[in-house]
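As a plain string of letters, each chain reads:
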Amino acid sequence: MNQNKPKREFKITEKGSLGILAYGDIGIRAWRKVKKELYKKDSE
Amino acid sequence: MSKKVLLIGWDAADWKIIWPLIAKGQMPALKKLISRGVYGNMSTMNPPYSPMLWSSVATGKTPDKHGVHGFIEVMPNMKGIRPVTVNSRKSKALWNILHHEGYKSNVVGWWPSFPAEPINGVVVSDKFQKVKLNPKEKSPIVKGTIHPESLTKDIHDLRMFPHEITDAHILPFIPKASEIDQEKDKGLQSFAKIMAENTSIHAASTYVMREKEWDFMAVYYDLIDHFCHAFMKFHPPKQKQIPQTLFDIYKDAVVGAYRYQDMMLDRTMEMVDDDTTVIVMSDHGFESGHRRILKMPKYPAAPALEHRQFGMFVAAGPNIKKNEKVFGLSLIDITPTILNIFDLPIGKDMDGKPALDIFKEIKKPKYIDSWENVEGDFGQHKTTEEEDQLSDHETMQQLIDLGYIDKPEGKVENAILKTRCDLKHNLARVYLGKKDYEKSKELLFELINDKYPVYKKEDFKKAEEEKPNPQGIKVGDTIVDVIPYYMDLLTISLAEKEFHKAEIYLNELRTRDKKFEINTYFSEAKILLGKGKVKKALDILTKAKNNRPNSEVWYQIGKIYMQLNRFEEAKNAIEKALEFEVDRARFHQSLAVCLIRLGNFEEAAEHALTSIELVKYFPEAHYTLGEALEKLGDLENAKVAYDTAAKLKPKTHHRAEKAIENVEEKLEKRQEFTDKNNFKFRKNQIVIVSGLPRSGTSLMMQMLNKGGVKILTDENRKADKANPKGYFEYDPVMSIHKDNSWLDKAKGKSVKVVAPLLKFLDPKYRYKVIFMNRDLTEVVKSQQKMIGKDPETLPTRLFSAFEKHLNQVEIWKEKEPGVELIYLNYKDVLENTDKALEKVAAFIGISMNKEEMAKCIDKSLYRNKS
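What you see is a predicted model, and the numbers here were worked out from it, not measured in a lab. (Residues numbered from 1 in each chain as written. Chains lettered and ligands numbered in written order. Predicted model: local features only at pLDDT ≥ 70, side-chain atom pairs only at ≥ 80, totals over all residues.)

A. Structural context of the overall build of chain B. Within chain B, the regular secondary structure consists of 33 helices and 20 strands. Burial status across chain B gives 47% buried among its 866 residues. Relative to all contacts within chain B whose residues are 6 or more apart in sequence, the contacts with residues 24 or more apart total 66%. (Helix = DSSP H or I, 4+ residues; strand = E, 2+ residues; numbered from the N terminus. Buried ≥ 20, exposed ≤ 12 C-beta atoms within 10 Å, placed from the backbone. Contact = placed C-beta atoms within 7 Å.)

Following this line, the structure appears as C-alpha cells:
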C-alpha cells in the first residue's frame, strides 16, 4: 500500500454518501456502524 | 523490479464520454493515471457479448478456443439452463497460469468466475454481488461463491443491498428523482440494483487488496455497461423521441456512473504501490450519439447492438511509457502482455500478442507451444460442479431485464434447445469475425437444417398467463428463429462474392420475414454490384441515404464511386460518412485511397495514419500509407509501411510484397523515377500485351513470338481476313473475372489481355504490360469494318467508352505495384520499327531476335488510317 498518501476524513451521516461507498470495505462498514448506532440511540 | 499487476475492467467504458469528463475535471483519478501512463483504443470482437469478451481478456484467446459462447449455458446434467459459469471455459485463465508459476492472484467479480477456482489467492466470484431485490428474502452466499470458502465469514457483510440505497446516493445521479412515478417507471429500481452490486464488488475488491497478499489482482465492474443500457437513451443530446420530462430526470445518470467509477478508482489507486502496473480497460464502447437505439429489435442479445467497436485502455506503472497514445490493442492482447510483465512464456496458441509498445524497456517475449498441454496444478476445478444451486434466478432475471436473453421457455427442453442454438450461433459468429467462413457456414447450415418443434396452443396459453407475448410469436411458429442464421449466411456469401447464393439467402429472408423489417439494402446493393448492375445498386443506396442518412450508407455509396473510378464523388461521399462517425478506420483508409488517386498525397497519408491510429491491425491502411508516402518520395517510411502491411496480413499480401521490391530498388538506385518501369528482367514475369481491340495487339503477340518470348495461346481463334497472321489468344482470358487461376501457366510467357480485363489480373504476379495505342478513330473504324458495319459511321458512344477504358488503365497501373507498363503506338511500330523494337526488348529485359520480329510487319495490313 502507498503509505505516503494522506488519510481522508469523512463525516458519515445516516444516509451515507457516494464518497463513503467509493471508499470500499472500510467505508461501507463505517457507514453501517453509524446507522446502527443512530438506530440504537433512537430506540433507547 | 516489482511485477505486481492490477487489472481493472470497466465494462463498456468509452472515450467518447470519458474525454469530455476529463476536460471538465470530473474524472480526476483516471486523468492522473493517464498522465503517468499510456492510453488508447481497445478493439472489441464479434459478437460483442461481455462474458465471451472478458474470457478472451483472461485467456488471450478467441471464444472458439476458450469455450465461453454466451450469457447462458446448458447445465451439465441437462436439467436446465443457467447463467454462464467458469465450467464453460475450456482454456486456462491468466490466474491459473500464475498459480502454476507460484504467484498469488486476487480475482473479484470477473465474468464468468463462478464457481470460484481454487487458486493461490482469492476469488470473489461474479455471484457474490447478486442479491434478492426483496429485503425480506434471504440471500445466502452459496458454496462456490468465494475461494477460499473460509473468507466468506470475513466479507459476507460487504454486500450492499438495493434497499440500502438512499437519496444521498440517488440525487447526484438523478437530481429530480422525486418526480419519478415509481409505479410505472422502474428506473430507480434498476439504479439501486446496479449501484448496490457494483458497490459490493468494490468493497470486496478493496478488502482483498488491503488484507491479502497478491502479485496479480483483477476486478471487474459492470456499472457503466448497465447504466448505459438503462439510461443512455436519456443522455444528452436529447433525442426527439424521448419525452422532455424523462430526459430532464435521467439525463445525468450515465455521466454519474462514470464519475462514481472514477471515485472508486481513486480509492483503489490509494492502495497500490507506485511500482505496481495498473491497467484500466473496457471490452467495448457504447453508442452515445445518433446511433443510439431507441427501439430494440426483437432478437436475443440485441442490446449488444449498442456496443461500439472501441473500448478504452489505460496503463501506468514503473516500466510503462508516460503520456503516450498507444494503438491497435485488442482484448486478446491483455493476457500475453501481462505474461510478458511476469517474464512468463506466452502460449503460441493464444490469439493475442504482447503490447510491447506500452513498455519503456522491452523484454523479449518468451513463448511456449501451449499452456493447455502443461501438466500440473493450475488451480482449476477437478470436476464439473453439478449442484442445482448453480441455476441462479436473480442473475437470469437481470440478463432478461437487460434484454440479453429471452425469458426462458416454460418447457425446459425448449429452453435448452434455444440455448444450444444461441451458443452454436455465437460460435458461428466468432468464426465469421475471424473470417473462417467454412467453419462458420458449417455451423450455420446445421442450424438452418435442424428440425425444430413448433409452438403449440398450450405453450402459448401458458406464456400468456405469465406475461403478454412480447415477441409476437404465434401457434405454429418454430421455437427457434432461423432468420439470424440466414442473415449471417447472406453476410458470408457476400464476403465470398457468391452473389447468386447471396440472392437466394436474401429471398429466403424476405419470404420468412413477411413484414421485411430487416434492413437489407446494403446486401441488395452488394448483390447488384456483384452482378455488374452498378446504377441500380447506387439507386438503392441513394434511396436509403435520402430516407435515413447514416455513416454506413454514405460509405457504401463512396465505395461504389471508387469502383467506378469516380474518385472525386467517392471522396465527397466518404467525407459525409466521416461527418457522422469520425472514428471509423475503414472510412479513413478509403478516403486516403481516393485522395491518392486524386493526387493529394499529403492528406492521403494523414488519413491513412488516422486509420492506423484507430486500428493497428489493418493491413490495407498500412499499405495505403505506404502508397501515399511513396508518392511523396519518402521511400524509407513507405517501405516500413509496406513491410507492416505484409506482416499483418494473415494471407500473403502480394501487393505489399511487390511494393517493397519496388521501393527497395528505388532506394538502391537513389535516382528520380517518373515511372515504375525500370526495364529489369523479373523472374517469372508475365508479359501482357494489351490495348483496345484492333490496336495492334495480335501483331505485337506475333512479334514477341518471333522474338523469342513464349506465347500462352490455345490457337482456338483461327486467322481470318481481319487478322491473317492469327490472333494469338487464350480462351480462359475471356473469363478471367471469374477465374484467374490459369495465370500460373503464363509465368515467363506472354499472353494477350484486352484493356477492360486488366483489372482482374492476380496481384501475386509481376507483369510487364505492353499497351498498344492507336488513334481512336482508326480503332473504331477498324472495329466497325470487322463487324460488317460502315467504317465511316463512327458511334460517339464507343469513343467515350474507349476513352474511359484507357483512363482506367492509367489508374490501374498506378495502384498496382506488380505492374510495369509501357505504351507503344501502333503507327510507330509500323513506321519506326527499329526504335519500337528496341523499346520492347529493353522493357522485357531479355535479348530478342529483332530481325525476326521486324519481319512480322506487313504495312499492307495498316488499312484503316484516320
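B. Region of interest: the overall build of chain A. Counting its regular elements, chain A contains 2 helices and 0 strands. Burial status across chain A gives 25% buried among its 44 residues.

C. Structural context of the sheet that holds strand E9 (residues 277-281) of chain B. Residue and element names in this part refer to chain B. Judged by pairing direction, the sheet is mixed, and its 9 strands sit side by side in the order E7-E6-E5-E8-E1-E9-E12-E2-E13 without closing on themselves. Sheet topology places strand E7 (146-147) and strand E13 (324-330) at the edges, where each strand pairs with a single neighbour. The pairing of strand E2 (residues 37-43) with strand E12 (residues 310-316) spans 7 bridges and is antiparallel. Bridge pairing in E12 places glycine 37 opposite alanine 316. (Pairing = 2+ DSSP bridges.)

D. Highlighting the interface of chain B and chain A. Listed as interface residues are 22 residues of chain B and, on the opposing side, 14 residues of chain A. Among the secondary structure elements, those contributing two or more residues to the side of chain B that touches chain A are helix H7 (167-170), helix H8 (187-211) and helix H11 (253-270) of chain B. No other element matches the 6 residues that H8(B) contributes to the side of chain B that touches chain A.

E. Molecular detail of the packing of helix H17 (residues 483-495) of chain B against helix H18 (residues 499-512) of chain B. Residue and element names in this part refer to chain B. Taken N-terminus to C-terminus, the directions of H17 and H18 make an angle of 160°; their axes are 8 Å apart at the nearest point. The orientation of H17 with respect to H18, classified from their angle, is roughly antiparallel. Crossing geometry of H17 relative to H18 is assigned as left-handed. Contacts between H17 and H18 involve Ile483, Tyr486, Met487, Leu489, Leu490, Ser493 and Leu494 from the former and Lys501, Ala502, Tyr505, Leu506, Glu508, Leu509 and Arg512 from the latter. Class assignment of the residues belonging to the contact of H17 with H18 gives a composition of 10 nonpolar, 1 polar and 3 charged. (Axes fitted to C-alpha atoms, helices over the stretch in contact; angles between N-to-C directions. Parallel < 35°, antiparallel > 145°, perpendicular 65-115°, else oblique. Left-handed = near helix turned anticlockwise from the far one by under 90°. Nonpolar A, V, L, I, M, F, W, Y, C, P; charged D, E, K, R; others polar.)

F. Region of the structure containing the environment of B:Arg655. Residues and elements named next belong to chain B. With respect to the helices and strands, the residue arginine 655 is situated in helix H27 (residues 654-669). Distance from arginine 655 to proline 763, taken between C-alpha atoms, is 5.9 Å for residues 108 residues apart in sequence. Discounting residues that sit within four places of it in the chain, arginine 655 has contacts with Tyr623, Pro763, Pro817 and Gly818.

G. Summary view of H27(B). Residue and element names in this part refer to chain B. For H27, spanning 16 residues, the distance from its first C-alpha to its last is 23 Å, which sits close to the expected 22 Å at 1.5 Å a residue. Among the residues of H27, those classed as buried are Arg655, Ala656, Lys658, Ala659, Ile660, Asn662 and Val663. Looking at the buried positions of H27, the neighbouring elements they touch are helix H25 (619-632) and helix H26 (635-648). (Expected span 1.5 Å × (residues − 1).)

H. Layout of helix H2 (residues 25-43) of chain A. With 19 residues, H2(A) extends 27 Å between its outermost C-alpha atoms, agreeing within 8% with the 27 Å of an ideal straight helix rising 1.5 Å per residue. Where H2(A) is buried, its residues meet helix H1 (18-22) of chain A together with H8 of chain B.

I. Molecular detail of the pairing of strand E5 (residues 105-108) of chain B. Residues and elements named next belong to chain B. Neither face of E5 is left uncovered, since the one carrying Ser105 and Val107 and the one carrying Asn106 and Val108 both have all their residues buried. Bridging between E5 and strand E6 (residues 121-124) involves 4 bridges; their strand directions are parallel. When the sheet's bridge partners are listed, valine 107 is paired in E6 with valine 123. Here 4 bridges tie E5 to strand E8 (residues 216-221), and the two strands are oriented parallel to one another.

J. Molecular detail of the sheet that holds strand E18 (residues 749-752) of chain B. Residue and element names in this part refer to chain B. The sheet built from 5 strands is open, its strands ordered E17-E18-E16-E19-E20 with parallel pairing. Pairing within the sheet leaves two strands with one partner each, and these edge strands are strand E17 (710-711) and strand E20 (819-825). Bridge count for strand E19 (residues 767-773) against E20 is 7 bridges, and the pairing is parallel. Bridging across to E20, tyrosine 767 finds its partner in valine 819. Taken strand by strand, helix H28 (residues 697-707) contacts strand E16 (686-691), E17, E18 and E19, and its axis lies near 155° from that of E16. Along the sheet face, helix H32 (residues 833-844) touches E16, E19 and E20 and points at about 175° away from the line of E20.

K. Fine view of the nonpolar core. Residues and elements named next belong to chain B. Grouped together as the largest cluster of nonpolar side chains are 129 residues, with contacts concentrated most on Ala204, Phe227, Val254, Val280 and Val314. Looking at which element gives the most residues to this core, the answer is H8, with 11 residues. Not counting the four nearest positions on each side in its chain, valine 314 is found in contact with Leu30, Leu33, Ile34, Gly37, Tyr39 and Val280. Core analysis: the second largest hydrophobic core is formed by 71 residues, Tyr561, Leu591, Ala592 and Val615 among them. (Core = buried A, V, L, I, M, F, W, Y, C linked by C-beta atoms within 7 Å.)

L. Inspection of the pairing of E16(B) at higher detail. Residues and elements named next belong to chain B. For E16, the buried fraction is high: 6 of the 6 residues fall into the buried class. What you see with E16 is no split at all: Ile686, Ile688 and Ser690 on one side and Val687, Val689 and Gly691 on the other are buried throughout. Of the strand pairs in this sheet, E16 and E19 are connected by 6 bridges, and their pairing is parallel. Counterpart to valine 687 in the pairing with E19 is lysine 768. As judged from the 3 bridges shared by E16 and E18, these two strands associate in the parallel manner. In the strand pairing of E18, isoleucine 688 is matched with valine 751.

M. Main features of the packing of helix H14 (residues 412-433) of chain B against helix H15 (residues 437-449) of chain B. Residues and elements named next belong to chain B. Where H14 contacts H15, the two axes come as close as 8 Å, and the packing angle between them is 155°. Relative to H15, the element H14 is oriented roughly antiparallel. For the crossing formed where H14 meets H15, the hand is left-handed. Facing Cys421, Lys424, His425, Leu427, Ala428, Tyr431 and Leu432 of H14, the residues of H15 in contact are Lys439, Ser440, Leu443, Leu444 and Leu447. Of the residues assigned to the contact of H14 with H15, the class counts are 8 nonpolar, 2 polar and 2 charged.

N. Up close: the confidence of the model for chain B. Residues and elements named next belong to chain B. Here chain B averages 88 in pLDDT, while 89% of its residues score no lower than 70. Throughout residues 386-391 the model reports pLDDT below 50, and contacts reaching past four residues in sequence, or to other chains, amount to 10 contacts. Reported confidence for the predicted complex is 0.91 by ipTM and 0.78 by pTM. (pLDDT = per-residue confidence, 0-100.)

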